[in-house]
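Summary of the model geometry
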Amino acid sequence: MAQKKLIERYLSNKTDSSRRPSFMPVPVFRYTQEIGLEFGIGALYSTYLDRKDLTNRSSNFSTVLSASTKGQYNISLKGDVWTKQNTHHYIAEVRFKRMPFDFFGVGNETLEANEDRLIQGYVKVGLEAEKLLLPHMYTGLSLGFENYHFTDKEVGGIFTTDQTLIHKVGGSVFYVGVSQTYDTRNSNNYTTKGFYGKVTYQYAPDFWGGENFTGSLIKANVRNFWSLSPKFVIGVNALFHSVQGKNTPFYLLQQMSNDEMMRGYYTGRYRERNLLAGQAELRYRYNNRFGAVIFGGAGQVFDNGDLSIKSFKPSYGAGGRYFFDPEKGLSVRVDYGIGEKRANEKRQTGFYISLAEAF
């Protein structure tokens, strides 16, 4: 009987109308030469703050805890809370990380031959609160703190020789911000129709003194969804990120690619002051439990005044979906992304296992 209940809960095509909480763990397991064996767990817990209100969006809490045999670690905690009647929206994020990563320099045309391995220590705390002031309109405030520390494992590489890089050892940034959101989506998890647009402005004051960064961070993100049939949905997503100010350290430059946008590229392979990217995704939901997607897009990083149509890089691929909570539209996704093929380099690709949709 216990096995039958377990199968029904995670494989049955039926939805749970009780709107009860759900929990999904995902193992973290990988091996690379620079980190050794990394193991841990990721998990997502989802619930409704008002189970009787069918319009109340789900509140989601996710975590990733992992460590490696060479002493690295990654701790990530995030909460995304929607109050009753969706009148308030709160986001909190805490991250601690000590992991190696490959630095290739700055710009939209960096070379694989310049790969330089660094060890990054990273602390991030972010808090955001939004209030519904007009129909579909949320106005928000945010606070954030980030601290970075770097160790160069390959002295003599581009990280050492590039004299234009600021704050190679690392530093801290504290910022305050405001945001405006317009949101008509029918779901915050698996959207089948509606529009989402958000603009955020954050300012980092001269809080630390010396040569630390002082300036602005600007983000704009828009999405729209159309339901073509009960099983097919098209979604489009575009974003623009920018950092402007004096003494801008290399670690605050905008980085192209992650598991949500420009899939197929190594995160940080290309970085500059500005990032502009867009993508479209065709989603097919075979039944309540399983689905598939194909996606394609383009993006680039650029310095102020250097935006060029011919410099956009492609991103395309496909993936599968398993909906562990069909009623809320929560999924585990597996994506394979393909990027550009540069001269004398292998084509850039990426494989991703993540919780929830890309956008």
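Structure: above.
Residues numbered from 1 in each chain as written. Predicted model: local features only at pLDDT ≥ 70, side-chain atom pairs only at ≥ 80, totals over all residues. Heavy atoms only, no water.

Topic: the pattern of salt bridges
Applicable threshold: Salt bridges, as used here, are contacts in which a Lys or Arg side-chain nitrogen is within 4 Å of a carboxyl oxygen on Asp or Glu.
In this structure the tally under the stated criterion is 24 salt bridges. Connected via shared salt-bridge partners are Asp 259, Arg 263, Glu 281, Arg 283, Arg 321, Arg 333, Asp 335 and Glu 357.

Section: the nonpolar core
To keep things clear, this is the line we draw: Only buried residues count toward a nonpolar core, which is a set of Ala, Val, Leu, Ile, Met, Phe, Trp, Tyr and Cys residues joined through side-chain atoms within 4.5 Å. A simple rule labels every residue: compare its accessible area, found with a 1.4 Å probe on the protein chains alone, to the largest value its type can have, and call it buried under 20%, exposed over 50%, or partly exposed in between. Here a helix means four or more residues in a row that DSSP labels H or I, a strand means two or more in a row labelled E, and each is numbered from the N terminus. Any two residues whose heavy atoms approach within 4.5 Å at even a single point are treated as in contact.
Of all hydrophobic cores here, the largest spans 19 residues; its most connected members are Phe 103, Phe 150, Phe 213 and Phe 250. Elements supplying a minimum of two residues to this core: β5 (88-103), β6 (116-134), β7 (137-152), α2 (158-161) and β8 (170-183). Apart from residues lying up to four places away in sequence, Phe 150 is in contact with Phe 101, Leu 118, Ile 119, Gln 120, Lys 168, Val 169, Gly 170, Phe 250 and Tyr 251. Met 261, Met 262, Leu 275 and Val 301 belong to the second-largest nonpolar core, a separate cluster that totals nine residues.

Brief notes about the side chain of Thr 110
Cut-off, in case you're wondering: In the analysis that follows, any N or O atom pair within 3.5 Å is treated as a polar contact, provided that within protein one partner can donate a hydrogen and the other can accept it, and provided that, for residues neighboring in sequence, both atoms belong to side chains.
Inspection of the secondary structure assignment puts Thr 110 in the loop between β5 and β6. The exposure class of Thr 110 is buried, given its relative accessible area of 5%. Looking at Thr 110, its side chain comes within polar contact range of the main-chain oxygen of Arg 269, at 2.7 Å. Excluding anything up to four places from it in sequence, Thr 110 contacts Phe 104, Gly 105, Arg 269, Tyr 270 and Arg 342.

Overview of unusual backbone geometry
The phi dihedral of Asn 247 falls on the positive side, at around 55°, and the residue is not glycine. Checked against the element boundaries, Asn 247 lands in the loop between β11 (232-246) and β12 (254-255). Among the residues examined, Asn 247 registers a relative accessible area of 27% and is labelled partly exposed. A positive phi angle, close to 95°, is found at Ser 257, a residue other than glycine. Relative to the assigned elements, Ser 257 resides in the loop between β12 and β13 (271-272).

Some remarks on a nonpolar patch on the surface
Heads up, the rule is: Patch rule: a residue counts if its relative accessible area is over 30% and it has no salt bridge; like charges are joined within 9 Å, and nonpolar side chains (Val, Leu, Ile, Met, Phe, Trp, Tyr) within 5 Å. Here the open area of atoms and residues is found with the Shrake-Rupley method and a 1.4 Å probe, where only the protein chains shown may cover a residue.
A cluster of nonpolar side chains, Val 125, Leu 127, Leu 141, Leu 143, Val 176, Val 178, Tyr 201, Tyr 203 and Ile 218, forms an exposed patch at the surface whose accessible area comes to about 750 Å². Breaking the nonpolar patch down by element, the ones donating at least two residues are β6, β7, β8 and β9 (194-204). Inspection of the secondary structure assignment puts Val 176 in strand β8. Overall, the relative accessible area of 36% leaves Val 176 in the partly exposed class.

Describing the layout of surface pockets
Condition: Detection works on a 1 Å grid of protein atoms alone, calling trapped sets that fit a 1.4 Å probe cavities and calling open sets with protein on both sides within 12 Å along at least five of seven lines pockets, with lining residues defined by an atom within 4 Å of a point. Grid points are joined across faces, edges and corners, and a volume is the space filled by probe spheres set on the points. When residues are grouped by polarity, Ala, Val, Leu, Ile, Met, Phe, Trp, Tyr, Cys and Pro land in nonpolar, Asp, Glu, Lys and Arg in charged, and all others, Gly among them, in polar.
Size it by volume and the second largest pocket reaches roughly 490 Å³. Forming the walls of the second largest pocket are 29 residues, and the residues nearest its centre are Asn 186, Ser 187, Tyr 190, Glu 327 and Lys 328. Class assignment for the residues of the lining of the second largest pocket results in seven nonpolar, 15 polar and seven charged.

Details of the packing of aromatic side chains
Short version of the rule: Working definition: a ring pair exists when centres of Phe, Tyr or Trp rings (six-membered ring for Trp) sit within 6.5 Å. Plane angles under 30 degrees give stacked, over 60 give edge-to-face, the rest tilted. The rule for a charge over a ring is simple: NZ of Lys or CZ of Arg within 6 Å of the ring centre, and within 35 degrees of the ring normal.
Counted under the stated rule, the structure contains 20 aromatic pairs. Between Tyr 45 and Phe 61, the ring centres sit 6.4 Å apart and the planes meet at 35°, which makes this aromatic pair tilted. Residue Tyr 45 is located in strand β2 (residues 36-47), and its partner Phe 61 is located in strand β3 (residues 59-68); the two are separated by 16 residues in the primary sequence. Aromatic pair Phe 101 and Phe 150: ring centres 6.1 Å apart, planes at 65°, arrangement edge-to-face. Separated by 49 residues along the polypeptide, Phe 101 in strand β5 and Phe 150 in strand β7 bring together distant segments of the chain. Each member of the pair, Phe 101 as well as Phe 150, carries the same accessibility label: buried. Lying over the aromatic face of Trp 82, Arg 57 brings its terminal NZ or CZ to 4.8 Å of the ring centre.

Quick notes on the pairing of strand β15 (residues 290-302)
For clarity, the cut-off: Any two strands between which DSSP finds at least two bridges are classified as paired.
In this sheet, β15 lies alongside strand β14 (residues 274-285) in antiparallel orientation, the contact comprising twelve bridges. Bridge pairing in β15 links Arg 285 to Gly 291. Two successive antiparallel strands, β14 and β15, enclose a turn made up of four residues.

A short note on the environment of Lys 193
Within the secondary structure, Lys 193 sits in the loop between β8 and β9. Through-space distance from the C-alpha of Lys 193 to that of Phe 225 is 4.5 Å; in sequence the pair is 32 residues apart. Residues within four places of Lys 193 in sequence aside, it is in contact with Thr 184, Arg 185, Asn 186 and Phe 225.

Details of the side chain of His 241
Within the element layout of this structure, His 241 appears in strand β11. The exposure class assigned to His 241 is buried, which follows from its relative accessible area of 17%.

Remarks on the environment of Leu 282
Relative to the helices and strands, Leu 282 is located in strand β14. Linking Leu 282 and Ser 242, residues 40 residues apart in sequence, is a C-alpha distance of 28 Å.

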